Structures are given as structure tokens and as C-alpha cells.
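Coordinate analysis (summary)
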Amino acid sequence: MTTAELHEDHNDHDHHRDTAHRGLTPLLDRAIVSSGEGPPVLGSLVGGVAVAPEGEGTARISPATGGIAFRVGGGSLSVVEAAVARARAAFDTGTWGRASGRDRARVLARTALLIEEHAAELADLLVLETGKPIREARGEVAAAANAFEYFGGLARDLNGRTVRDIGDSVFAFTVREPAGVAALIVPWNFPLGILGQKLPPALAAGCSVVVKPSPLTPLTSLAAVSLLLEAGLEPDAISVVLGEGPAGAALVAHRDVDVVSFTGSTATGRHIAAHAGSQRLKRVALEAGGKTPVLVTAHADLDEVVEGLTFAAFFNQGQVCVAGSRILADAAVAGELGERLAGRAARLVLGDPWSESTQMGPLVSQQHFDGVFAAIETSRAEGVRVLSGGRRPEPGGTRARPFLDPTVLWTDDDHSTAAREELFGPVTVVQPYSSLDEAVERANASAYGLAASVWSNDVREAMDLTLRLRTGTVWINGSTDAFPEIPLGGRRDSGYNAEFGREGMEFFTESKTVQINRAGRKDWYTA
Ligand code: NAD
């Protein structure tokens, strides 16, 4: 067993803790309801104004510092009511509901520029709320700006179809109209990146929105709203409701919410799918869990595979819905791959997330760490072998922050927890297969259908496998990347209605069909 390197510089660390606290204020001023001696208390933002939580709010310990970063209140049902009422008014009678494509495009484009201008502050907030390394946080900020830019362009190109070949008397066309009020429910693993998958397309389509971030990571959602308001968005068109599951559930059931876009666990997705029709029928987009199978064939370049899969498995501490968490490798290469991947994982640098040399930070919370660690222990008890990691690094100075060594496991079959379940941490499992048919069958047997990847330099083999895999995305000799131009979505227990791409914006619209009768009715039946 090996342990990845844990680098700590206490002085540096304390310095960052201080600057991070100071850095909280500029973009979050609007949302801070009390900032005396202790950590700031954050309120929901309704129509641009903070609503103080009932009581003193729940303390959130930053995984990056180990200290309390802020207090956050539960969004009571009255906050949900107020936010939805504002959004309804902005859509039905406000300026946002009547804004032209160009108006909407300009707000989104200005926001993209403001995100870039404030990139350093946003990246600091991301580190503070998630514990991810600063270099990855910068990438997430850039991805959010890119999404605002892309959907800003699409806001001016929201069109239906023209149909003239029905017959002499009928000419028809379809109109794409904004769906109305959209509830956007966001998880903690990419709080700004995933907000960027929902908020720009919803606004581009002309919806007004209520955002519900994870209670662990509200900072960047609140900051992004500040920037949107600075960019000229009507305040009532966007609110942020803080709180736990019940606040999200109230949005899902609300009569005045027209569409729901959710990213999170399959368990919550199931709940949302079941309740979205309780008060009225409404469409939902569900981006839920995954267990991405990675197929490595005998025709893959192992050097490339080791580098690629180190990233796929351990980027963002493995807290990625499309993480390469299950590696099905040709039996001829599986042993060597497992060994080399374990060696590579052991050399990853864990440490202060604000350090430029850090490759992995802590997990998002102690509670999440406990769940991932317990799943590794269960897998061991089920007979899974640990090739590398599987421990909490011991070092001078983790300060109770929830670090976990990058972990490479080995098992021959698909029965274990590690092979079947989404652990959502820095854990991957190598499994040998003896034929490509067997590999495809085992990959497709998963309850999840989010993504897969194929590693092979034989183009025919790679394409054949790709077409046989039943997932929403397949990467060939790659992993995890997402781009605003192309859809990203799942099947089966990974959800439905993809995000990104033109489809991602059309989700936030309704299609209206218009028929023009050019000749008057002639018969009862036209067939
Ligand atoms: P989660 O399901 O616990 O929470 C997600 C969001 O839903 C949070 O804002 C939460 O407060 C809210 N919520 C909880 N209960 C609710 C309810 N009953 N009704 C409405 N909203 C409710 O997920 P998480 O732990 O924050 O995120 C991790 C999960 O997200 C993983 O399973 C991961 O695979 C998934 N994820 C999926 C994608 C994707 O694109 N498919 C991307 C990122 C993360």
C-alpha cells in the first residue's frame, strides 16, 4: 500500500484562510445579513435583497481551511413563495419576460465578461466552499464564463420550423417560447460549473429563475447572481433560495414553477421525478448519478491510458458524475495497468488547495468522507484488493480536513460495492475481461447510463464498442470533458433531458404550433 504525498505549509495555509475570509465580502455583500466578529451569515437573495435566516444559521466548515467559513440559513417555505412570486411577475409582467433576444444576449455576454474580470475572487470562493485545488477552481470559473458566452449567442437564435408541404390549404410553423419560471437545483461538486450548465440556457430562452444551490456550496451561486444583476438583469428575474432538501422539494411541487432542472444524486432525482406532477404536470431535466465504465482494449496505448485515467479518476477528488470509476481492461494488459495506475496515484500531490503544486485537495465534508471511506471498507470485506491508497493520509497537519488518498482497487467480478455503486470519491477499480463482448455486456448491465469511455488505437474496434455502449456520452481515448456546444446527459438511472448544446436551451422552451388555413374548409375529412 502506498500513500500519496501530502504537502502542507502551515503559514501559507493560515494566510489563505485570512484572505479567503476577506475575499468573501466584495461579491457577497448583497447576501451577507450579518458580519460581526464571527463568520458571516448568508441569506437567500430574493429580488436582489437578502432575507435573513430564522435563527443564527447553520455553520459550514470549509474543507479547505478546517474552520467555519460562513453560516447559512434554511430557506423557509415563505422564502420559496416570495422567490417564485417574483420570478412569476418578472416573466408575466416584468421587463425580462418581454426582453428581445438581443437584450437577453447582452446580459449574458456582459455576465461572461464580469465572470472573467472577477475570476480570481470566484476561484477563491470555490476553493473555500469545496476544497478543490485552486488550479481546478480557475478552470471551473473559465468554463462558467464560456457557457454564458455560448448561450448568449444562442439567445438570438431561438427559432421554430416552417412547414409548407402539408397541402394546398395549410401552411404551418412552430414558435419556440420560453417555458416560464425555471427552478434550477444544483449540487456541490461543481457549484459554479453546473450552475453554468443551467442558468445561461434558462435565461437565454427567456425564463425567469429560482436557483437552489447545495447548502454546502452557496457562495458562488450568490456571487454569480450579483454579477448578473450588475450586468443588468431585472432583479425579480433571479432569486437564490438557500436551504436543504425541503426547499428544493417545495420548488419542485410549486404550481407556479414551470420547469425544473436538477443535478444531483439518483435518489433525489427519483424523488423529484415522482413529485414533479403532484400539483400540476411539469417537465424536469434530471442529471443524476453515474458509474462510468472505462473500456481499455489490447490496442490501447498504456502510457496514454495511465495519464488519462489518473485524471479521469482523481480530478476534483473523484467527486465527478462521469469520473472513470470502473476500469474494464483486457486481461492481457489489466495487471500491468493496475500496477502502473496505482504507482501513478501514489505520486499525486495532496495538500493545501490554495497551493499551485497541489493536485488533490480534501473531500467536500467530513460526512462525505465517512461515506466514501465506509464504501472502501465494505468493498475490502467483499474481497476487493487495494492496490494503492484506501487510507487517510497521516501527516503533520491535515487539521481534521477530510483528505483521502487516491485509491486504486482490483476485483475480478461485478459483485462488490466498488464495482457497482457510485462512490463519488477518489476511488477507481480495475477489472479484467476476457472478450470484448463480455466487456460490453458488463458495462451495459449497470443501472447507470451516464457516460463511458473507450481506449483503443484501432479505430474500427473503438467505433464498434462506442456504438454498442448504452450511455449518453462516450469518449474515445478521452474522459470527463464537457463543452457548451454539445449535449451531456444520461439514460436509465442517470436521468434524462440532457444539458448543454441547443437541446439544453430548448429544454427551457415550449413549442407552439401555428396553422394557417389558406383556403377554408372543404370537406369533413381531408385524407
Ligand atoms: P443531492 O441529490 O444530495 O443534492 C443535489 C441538490 O438537490 C441539492 O441542492 C439538494 O439540496 C437538493 N435536494 C435534496 N433533496 C431534494 C428534494 N427532495 N427535492 C428537491 N431538491 C432536493 O446530490 P449531491 O450530493 O449534492 O451531489 C452529488 C450527486 O450529484 C452525485 O450522485 C453525482 O453523480 C450527481 N451529479 C450528477 C451530474 C450529472 O451531470 N449527471 C453532475 C454532477 C453531479
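Residues numbered from 1 in each chain as written. Predicted model: local features only at pLDDT ≥ 70, side-chain atom pairs only at ≥ 80, totals over all residues. Heavy atoms only, no water.

In the nomenclature of an unreviewed UniProt entry, the protein chain corresponds to Aldehyde dehydrogenase from the organism Sphaerisporangium album. The annotation that UniProt attaches to the protein chain under Sequence similarities (unreviewed entry) is "Belongs to the aldehyde dehydrogenase family." (UniProt positions renumbered as here; feature names shortened; annotations may be inferred.)

1. Things to note about the sheet that holds strand β24 (residues 509-517)
For sheets, the rule is that strands pair by backbone hydrogen bonds, running either parallel or antiparallel. Taken together, the 3 strands give an open sheet; going across it, the order is β8-β9-β24, and neighbouring strands pair in antiparallel fashion. Edge positions in the open sheet fall to β8 (162-163) and β24, since each of these has one partner strand only. (Pairing = 2+ DSSP bridges. Helix = DSSP H or I, 4+ residues; strand = E, 2+ residues; numbered from the N terminus.)

2. Examining the side chain of S76
Residue placement: S76 occurs in the loop between β7 (68-72) and α3 (77-92). Note on S76: relative accessible area 18%, which makes it buried. Within the structure, the side chain of S76 is placed 3.0 Å from the side chain of S78, a separation counted as a polar contact. (Buried < 20%, exposed > 50% of the residue type's maximum accessible area, 1.4 Å probe, protein only. Polar contact = N/O pair within 3.5 Å; in protein donor to acceptor, adjacent residues only side chain to side chain.)

3. Observations concerning the packing of helix α4 (residues 101-117) against helix α6 (residues 134-154)
Relative to each other, α4 and α6 sit at 165°, their axes nearing to 8 Å. Accordingly, the angle class assigned to the pair α4 and α6 is roughly antiparallel. Our pair here, α4 against α6, has a crossing hand that is left-handed. Facing A105, L108, T111, A112, I115 and E116 of α4, the residues of α6 in contact are V141, A144, A145, F148, E149, F151 and G152. (Axes fitted to C-alpha atoms, helices over the stretch in contact; angles between N-to-C directions. Parallel < 35°, antiparallel > 145°, perpendicular 65-115°, else oblique. Left-handed = near helix turned anticlockwise from the far one by under 90°. Contact = heavy atoms within 4.5 Å.)

4. Re the side chain of S494
Examined against the element boundaries, S494 turns out to sit in the loop between β22 (473-476) and β23 (495-496). Using a relative accessible area of 0% as the deciding quantity, one classes S494 as buried. A distance of 3.0 Å separates the side chain of S494 from the backbone nitrogen of G449, its partner in a polar contact. Here L450 takes part through its backbone nitrogen, which lies 3.2 Å from a polar atom of the side chain of S494.

5. So, the packing of aromatic side chains
Enumeration over the complete set of coordinates arrives at 7 aromatic pairs. With centroids separated by 4.9 Å and ring planes inclined at 75°, the aromatic side chains of Y150 and F151 adopt a geometry described as edge-to-face. Owing to a relative accessible area of 0%, F151 belongs among the buried residues under this scheme. On the basis of an interplanar angle of 25° and a centroid distance of 6.3 Å, the ring pair of F151 and F500 is categorised as stacked. Placement of the pair is F151 in helix α6 and F500 in the loop between β23 and α17 (501-506), with a sequence separation of 349 residues. Counting every residue linked through ring pairs, the aromatic cluster contains Y150, F151 and F500. A cation over a ring is seen here: R283 above F507, with NZ or CZ 5.0 Å from the ring centre. In this structure, R392 packs its charged tip against the face of F369, placed 4.5 Å from the ring centre. (Phe/Tyr/Trp six-rings, centres within 6.5 Å; stacked < 30°, edge-to-face > 60°. Lys NZ or Arg CZ within 6 Å of the ring centre and 35° of its normal.)

6. Thoughts on the site of the ligand
Taken together, 28 residues lie near the ligand, and V186, S265, T268, A288 and E422 sit nearest. Contact between the ligand and S265: an oxygen atom at 2.8 Å from a side-chain N or O atom of the residue. In the environment of the ligand, an oxygen atom lies 2.5 Å from a nitrogen or oxygen atom belonging to the side chain of E422. Isolated, the ligand exposes 850 Å² of accessible area, and the fraction of that covered by the protein chains is 87%. Those elements giving two or more residues to the shell around the ligand turn out to be α9 (245-253), β13 (259-263) and α10 (266-275). Along the lines of polarity and charge, the residues of the shell around the ligand split into 14 nonpolar, 10 polar and 4 charged. Split by domain, the residues of the shell around the ligand number at least three in each of domain 1 (3-26 + 78-288 + 499-506) and domain 2 (293-476). (Near = heavy atom within 4 Å. Areas by Shrake-Rupley, 256 points an atom, 1.4 Å probe, with all protein chains shown as cover. Nonpolar A, V, L, I, M, F, W, Y, C, P; charged D, E, K, R; others polar. Domains from an automatic or database assignment.)

7. Here's the deal with the packing of helix α7 (residues 191-205) against helix α8 (residues 219-230)
Their axes nearest at 10 Å, the elements α7 and α8 cross at an angle of 35°. Read as a crossing pair, α7 and α8 show a hand that is right-handed. Side by side, α7 and α8 meet where P191, L192, L195, L199 and L203 of the first sit next to T220, S221, A224 and L228 of the second. Of the residues belonging to the contact of α7 with α8, the class tally is 7 nonpolar, 2 polar and no charged.

8. Let's talk about the sheet that holds strand β3 (residues 41-42)
Judged by pairing direction, the sheet is mixed, and its 4 strands sit side by side in the order β2-β3-β7-β6 without closing on themselves. Of all strands in the sheet, those bounded by a partner on one side alone are β2 (32-34) and β6 (58-61).

9. Focus on α3
Working note: α-helix, 3.6 residues per turn, so residues spaced by three or four point in the same direction. If you check α3, its first and last C-alpha atoms are 22 Å apart, about what 16 residues at 1.5 Å a residue would give, namely 22 Å. Turning to α3, its buried residues are V79, V80, A83, V84, A87, R88, A90 and F91. Buried positions in α3, seen along its axis, are confined to an arc of 165° and lie on one side of it. (Expected span 1.5 Å × (residues − 1). Arc of directions from axis to C-beta.)

10. Quick word on unusual backbone geometry
Glycine aside, residues mostly have negative phi angles, and peptide bonds mostly take the trans form. Positive phi, close to 60°, is recorded for Q317, a residue that is not glycine. Topologically, Q317 is positioned in the loop between α11 (302-314) and β16 (326-330). The exposure class assigned to Q317 is buried, which follows from its relative accessible area of 0%. Phi angles above zero are rare outside glycine, and F500 is one such case at about 70°. According to the relative accessible area criterion, F500 is buried, its value standing at 6%.

11. Points about the confidence of the model for the protein chain
Confidence in the prediction of the protein chain, expressed as mean pLDDT, is 93, and 92% of residues score 70 or more. Here residues 9-20 scores under 50 on pLDDT; set against residues more than four positions off or in separate chains, the count is 17 contacts. (pLDDT = per-residue confidence, 0-100.)

12. A word on the pattern of salt bridges
Enumeration according to the criterion identifies 22 salt bridges in this entry. Residues participating in the shared-partner salt-bridge network are R88, D92, D258 and R280. (Salt bridge = Lys/Arg side-chain N within 4 Å of Asp/Glu carboxyl O.)

13. Focus on the domain arrangement of the protein chain
Segmentation of the protein chain into domains returns domain 1 (3-26 + 78-288 + 499-506) and domain 2 (293-476). For domain 1 versus domain 2, the separation of C-alpha centres amounts to 29 Å.

14. Some points on a nonpolar patch on the surface
On the surface, V459, M463, L467 and I476 cluster together into a nonpolar patch covering about 400 Å² of accessible area. Among the elements that take part in the nonpolar patch, helix α16 (residues 459-468) stands out by supplying 3 residues, more than any other. Inspection of the secondary structure assignment puts V459 in helix α16. (Patch = residues over 30% accessible without salt bridge, like charges linked within 9 Å, V, L, I, M, F, W, Y side chains within 5 Å.)

15. Examining the nonpolar core
Judged by nonpolar contacts, the single largest core of 81 residues is most densely connected at L199, V209 and F508. When residues in this core are grouped by element, the largest group, 10 residues, is from α6. V296, A313, A329 and A342 belong to the second-largest nonpolar core, a separate cluster that totals 26 residues. (Core = buried A, V, L, I, M, F, W, Y, C linked by side-chain atoms within 4.5 Å.)

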